[in-house]
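Survey of secondary and tertiary structure
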Amino acid sequence: MPDRIDYSYLWKLLQEEKQTNVLLPIAKDFYSSATKLMQRSSTGNDQADNEKTNVAKILLELFERRKQKIMLYIAYDRQLPQQVDAQEMEFYNSMIKIVKAERLDLTEDKHAKIVLKVVKDIPEIMLPSGSKIGPLEKGGIIEVESLNEDMNFLLNNTICEKI
């Protein structure tokens, strides 16, 4: 990686990215340095404007290709290589959060029924979920969904106990 990014380096990097499925190492401040290259290309003549437009196209295509590769790393549950830009690392971390939040949790059935024993007589009551239950007689058996706020309410207020 050169100390200073120029047009030829960007073009070469894009061609290399197109030919491999792995993320090639880049500097941690790659995109900010490339943006500075665009700003250095002063407007005023047609050649500088063309170079600025081409740099912008190359950067966009490069970032899109690298985003696709990052998504593959996420899909296969792999860590990114160490040499990636800070913005790419931020993208990776945000996508990981989304994937973890939406992942199916097959180890735990959230809709499993739990059997509870009623420990005291109560009239009809409104549960935190908005549903009504009762009247309940002492010693009776009821079923509620596990990991439910209603189950916690019944247990914490000593209305029921787990069997």
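Details of the structure are given in the entry above.
Rules behind the numbers
- Residues numbered from 1 in each chain as written.
- Predicted model: local features only at pLDDT ≥ 70, side-chain atom pairs only at ≥ 80, totals over all residues.
- Heavy atoms only, no water.
- Helix = DSSP H or I, 4+ residues; strand = E, 2+ residues; numbered from the N terminus.
- Buried < 20%, exposed > 50% of the residue type's maximum accessible area, 1.4 Å probe, protein only.
- Contact = heavy atoms within 4.5 Å.
- Areas by Shrake-Rupley, 256 points an atom, 1.4 Å probe, with all protein chains shown as cover.
- Phe/Tyr/Trp six-rings, centres within 6.5 Å; stacked < 30°, edge-to-face > 60°.
- Polar contact = N/O pair within 3.5 Å; in protein donor to acceptor, adjacent residues only side chain to side chain.

**Looking at the overall build of the chain**
Secondary structure assignment for the chain yields five helices and five strands. Listing each helix as α and each strand as β along the chain from the N terminus yields α-α-α-α-β-β-β-β-α-β. In the chain, which comprises 163 residues, the proportion classed as buried is 30%. Considering only residue pairs separated by 6 or more positions, the chain has 60% of its internal contacts joining residues 24 or more positions apart. Total accessible area on the chain is roughly 11200 Å²; 51% of this is exposed by carbon and sulfur atoms.

**Quick notes on the packing of aromatic side chains**
Applying the stated criterion across every chain, the model contains two aromatic pairs. Look at Phe-30 and Tyr-31: their rings are 5.1 Å apart centre to centre, the planes differ by 80 degrees, and that puts the pair in the edge-to-face class. For Phe-30, a relative accessible area of 1% puts it in the buried group. Here Tyr-31 and Phe-63 contribute two aromatic rings whose centre-to-centre distance is 5.3 Å and whose plane-to-plane angle is 85 degrees, an arrangement assigned as edge-to-face. With Tyr-31 in helix H2 (residues 30–40) and Phe-63 in helix H3 (residues 46–75), this residue pair connects regions lying 32 residues apart in the sequence. Ring pairing ties together the aromatic residues Phe-30, Tyr-31 and Phe-63, which thus form one cluster.

**Details of the side chain of Lys-69**
Checked against the element boundaries, Lys-69 lands in helix H3. Here Lys-69 falls in the buried class, since its relative accessible area comes to 6%. A distance of 2.8 Å separates a polar side-chain atom of Lys-69 from the backbone oxygen of Thr-20. Within polar-contact distance, the side chain of Lys-69 engages the backbone oxygen of Val-22 at 3.2 Å. The contact partners of Lys-69, leaving out residues within four places of it in the chain, are Glu-17, Thr-20, Asn-21, Val-22 and Leu-23.

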